[in-house]
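Fold and contact review
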Amino acid sequence: MALSALAPDYMYRGFFEIFGKIAEETNAIYAATILPQPLAVAIAENAVNCVIVEGGHGNIQVAPISFALIREGLVALNRGGAEANAITRELLKDMGYGDVAREEYAVEVVKRAVGLVPRNLKESIKAARENPDKFVAKVRLSPITEIEIPREYAWTRFLIGEIVFNPRHEEFKSYIDQSRIKIEDAVVGDVTLYGEMDLASAIISSLRSVSLEVQERVASNVILSGGAFKWDVPPGLEEYAVNSVEKIRIMLGEANRELAARAGVKMVKDPQYSVWRGSVIYGYALPLSLKWDNINKEGWYIYK
Amino acid sequence: MEIARYLLIRFLTEVWGFKLDSESGGVLALRDGGNKVVVKTIFLDVYEEAALYKEISELAKYDYDKAFIAVLPSGLPLIDPKHLKSLGIGLISVDPSKGLDGVEMRLPAKPRDKPQAPGVDMARIISAVNAAVAEALNREAKKIEEELYERLRRYLDKAVEDLRRELAARPPIISPAQQQPQPSTPRQAVEENEWVKILRKKA
């Protein structure tokens, strides 16, 4: 089983207890193990030195790995796909689609269909305001319901993607000030999840905790995984919109040109299943003789 | 607008009992018994008089017995009923907020006058000429087809025979697929994973 790298100890205990009950009732479980999700992604990608940036619905984990998860370098952000949904919902309300905005499914569909990650937020918005016809879009939610992004709101498509990567922009301020979207720090156990930290800063901060000896090797392989990084570039908008890999490259370049030149950024082959694949390989390779250790969080919890 | 169109189709098919034949570009083609009925849907947020009359005049190019235009209530004040009457085109208003009750016929359509049959039965003459031309063309086409088939058959037979002789004279070739190593199986791919080696050492 794979848990978030931020999962507190009680969560591990809770799952082992649940497995214990199932083992007792069904006699079908011999042993169980839990590994951190970023490690599962690294295993699936066969990467022993890397930085895994796992973007989920509720949070983003930046985890450096060098033959094992480097827990000191773990940086967590308190935002993810959910914030992209939240801004999409507010934009739909502003456009007059308040009824549609009530349905989470509809908001998710609209986000996926019209959300764009800007190459540069200011310049992309400027282009969309100057030539809105190029950026208007329609989304058919059902045979009788169609959403049309009006010309005057065409530029807001870029806010949907940008909020995942960097919410520190003037354009988001009014939504935050009016409490229409909430981006703030959170504390889980002894880990602080940063609300507004941009992704390039998170990666750099994570790398600072890695020993200098392996820092370059780790930085050379930045791997993005998870649904929060699944963004498409519609044909014809390549000048203004980018995918997640390109966005991270640009952001790293703006923050530290030297690091950006050495960093290799890539997206996992199948973002939805890489954690599963890594978990299966981990379970296959981890020797059964290695008993669960609460400190290292490694090994098999034996039930029989 | 989709709801207005949906209500209109329900009204025409369920209340009036028309049969929907096809729908394209905002034009519904229906059948009322043996009559062809055409309904042009003009559902717009903002109506413009000039655009409305252009749409109405475009109805002339369709083949129909009866024609209607369907508009939202906001378009009604811009339409001159006298003009529609003179053309024999009917008018239907659709108010989506009232559901099926919001679909109302404001002006009935007049059946279109069919052109009178000429004294001479031109259709019979044309069909006889067509039949004669078709027969002659068929005869000629068959001749050409047979000749072409024969030429093609002879050419292909010769080409295949030449190729067979050429191949027989060459040494056997090993395909690139045979030369390359077989792709690794999923099990091999897992065994080659660096992490598998690292984890196994923890025993």
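Look up a bit, the structure's there.
Now for a quick tour of the structure. Note that the structure is predicted; figures quoted are calculated from it, not measured.

1. Quick word on the overall build of chain A
The secondary structure content of chain A amounts to 13 helices and 13 strands. Within chain A, buried positions represent 52% of all 304 residues. Contacts in chain A between residues far apart in sequence, at least 24 positions, make up 66% of those at least 6 positions apart. Counting every atom, chain A has about 14500 Å² of accessible surface; 50% of that belongs to carbon and sulfur.

2. Section: the sheet that holds strand S9 (residues 186–188) of chain A
Residue and element names in this part refer to chain A. Across the sheet, which stays open at both edges, the 7 strands sit in the order S9-S10-S6-S5-S4-S11-S12 with mixed pairing between neighbours. Lying at the two open borders of the sheet, with one neighbouring strand each, are S9 and strand S12 (265–267). Strand-to-strand twist in this sheet, taken as the mean axis angle between neighbours without regard to direction, amounts to 25°. Relative to strand S10 (residues 191–194), strand S6 (residues 75–77) runs parallel, the two sharing 2 bridges. Residue Ala76 lies in a different strand from S10, and its bridge partner there is Leu193.

3. What about the sheet that holds strand S3 (residues 35–42) of chain B?
Residues and elements named next belong to chain B. Reading across the sheet, the 6 strands line up as S1-S2-S3-S4-S5-S6 and stay open at both edges, with mixed pairing between neighbours. Each edge of the open sheet carries a strand with a single partner, namely strand S1 (19–24) and strand S6 (103–107). Put simply, the sheet's adjacent strands are angled 25° from each other on average, direction ignored. In terms of strand pairing, strand S2 (residues 27–32) meets S3 through 6 bridges, oriented antiparallel. Bridge pairing links Leu28 to Val39 in S3. The strands touched by helix H2 (residues 49–58) within the sheet are S3 and strand S4 (66–71), with S3 carrying the most contacts at an inclination of about 165°.

4. Concerning the side chain of A:Glu162
Looking at the secondary structure, you find A:Glu162 in helix H7 (residues 157–165). If we ignore the near neighbours within four places in the chain, the residues touching A:Glu162 are A:Leu116, A:Pro118, A:Leu121, A:Pro167, A:His169, A:Phe172 and A:Lys247.

5. As for helix H6 (residues 121–130) of chain A
Three- or four-residue spacings in an α-helix give side chains the same orientation, since the helix completes a turn every 3.6 residues. Residue and element names in this part refer to chain A. Among the residues of H6, those classed as buried are Leu121, Ser124, Ile125, Ala127 and Ala128. Here the buried residues of H6 occupy an arc of 160° about the axis, which is enough to place them on one side. The exposed residues of H6 that point more than 90 degrees off its buried face are Glu123, Lys126, Arg129 and Glu130. Its buried side turned inward, H6 meets H7 and helix H8 (170–177). The backbone nitrogen of Lys122 has a side-chain oxygen 3.1 Å away, supplied by the residue at the start of H6, namely Asn120.

6. Topic: the pattern of salt bridges
Residues and elements named next belong to chain A. Inspection of every chain in the model, using the stated rule, returns 36 salt bridges over all chains. Notably, a salt bridge pairs Lys247 with Glu162, separated by 2.8 Å at the nearest N-O pair. Residue Lys247 is located in helix H11 (residues 244–255), and its partner Glu162 is located in helix H7; the two are separated by 85 residues in the primary sequence. The pair Lys247 / Glu162 is uniform in exposure class, with both members buried. A salt bridge links Asp270 to Arg277; the nearest nitrogen and oxygen atoms lie 3.1 Å apart. By relative accessible area, which is 32% here, Arg277 ends up partly exposed. Taken together, the shared-partner salt bridges in this structure form one network comprising Glu90, Lys93, Asp94 and Arg180.

7. Re the nonpolar core
In this structure, A:Val53 and A:Leu199 are the most contacted members of the largest nonpolar core, which totals 72 residues. Counting residues domain by domain, this core receives three or more from each of domain 1 (2–78 + 184–302) and domain 2 (81–177) of chain A. Discounting chain neighbours no more than four positions away, the residues touching A:Val53 are A:Ile60, A:Gln61, A:Val62, A:Leu199, A:Ile203, A:Val222, A:Ile223, A:Leu224, A:Ser225 and A:Phe229. Counting 36 residues, the second largest nonpolar core, distinct from the first, contains B:Phe18, B:Ile56, B:Ile69 and B:Ala70.

8. Focus on the environment of A:Arg89
All names here are of chain A. By the secondary structure assignment, Arg89 is in helix H3 (residues 81–95). Sequence separation between Arg89 and Val107 is 18 residues, and the spatial gap between their C-alpha atoms is 6.0 Å. Non-local contacts of Arg89, meaning those with residues more than four positions away in its chain, are made with Ala101, Glu104 and Val107. Of note is the side chain of Arg89, whose polar atom sits 2.6 Å from the side chain of Glu104.

What counts, and at which threshold
Residues numbered from 1 in each chain as written. Chains lettered and ligands numbered in written order. Predicted model: local features only at pLDDT ≥ 70, side-chain atom pairs only at ≥ 80, totals over all residues. Heavy atoms only, no water. Helix = DSSP H or I, 4+ residues; strand = E, 2+ residues; numbered from the N terminus. Buried < 20%, exposed > 50% of the residue type's maximum accessible area, 1.4 Å probe, protein only. Contact = heavy atoms within 4.5 Å. Areas by Shrake-Rupley, 256 points an atom, 1.4 Å probe, with all protein chains shown as cover. Pairing = 2+ DSSP bridges. Axes fitted to C-alpha atoms, helices over the stretch in contact; angles between N-to-C directions. Arc of directions from axis to C-beta. Polar contact = N/O pair within 3.5 Å; in protein donor to acceptor, adjacent residues only side chain to side chain. Salt bridge = Lys/Arg side-chain N within 4 Å of Asp/Glu carboxyl O. Core = buried A, V, L, I, M, F, W, Y, C linked by side-chain atoms within 4.5 Å. Domains from an automatic or database assignment.

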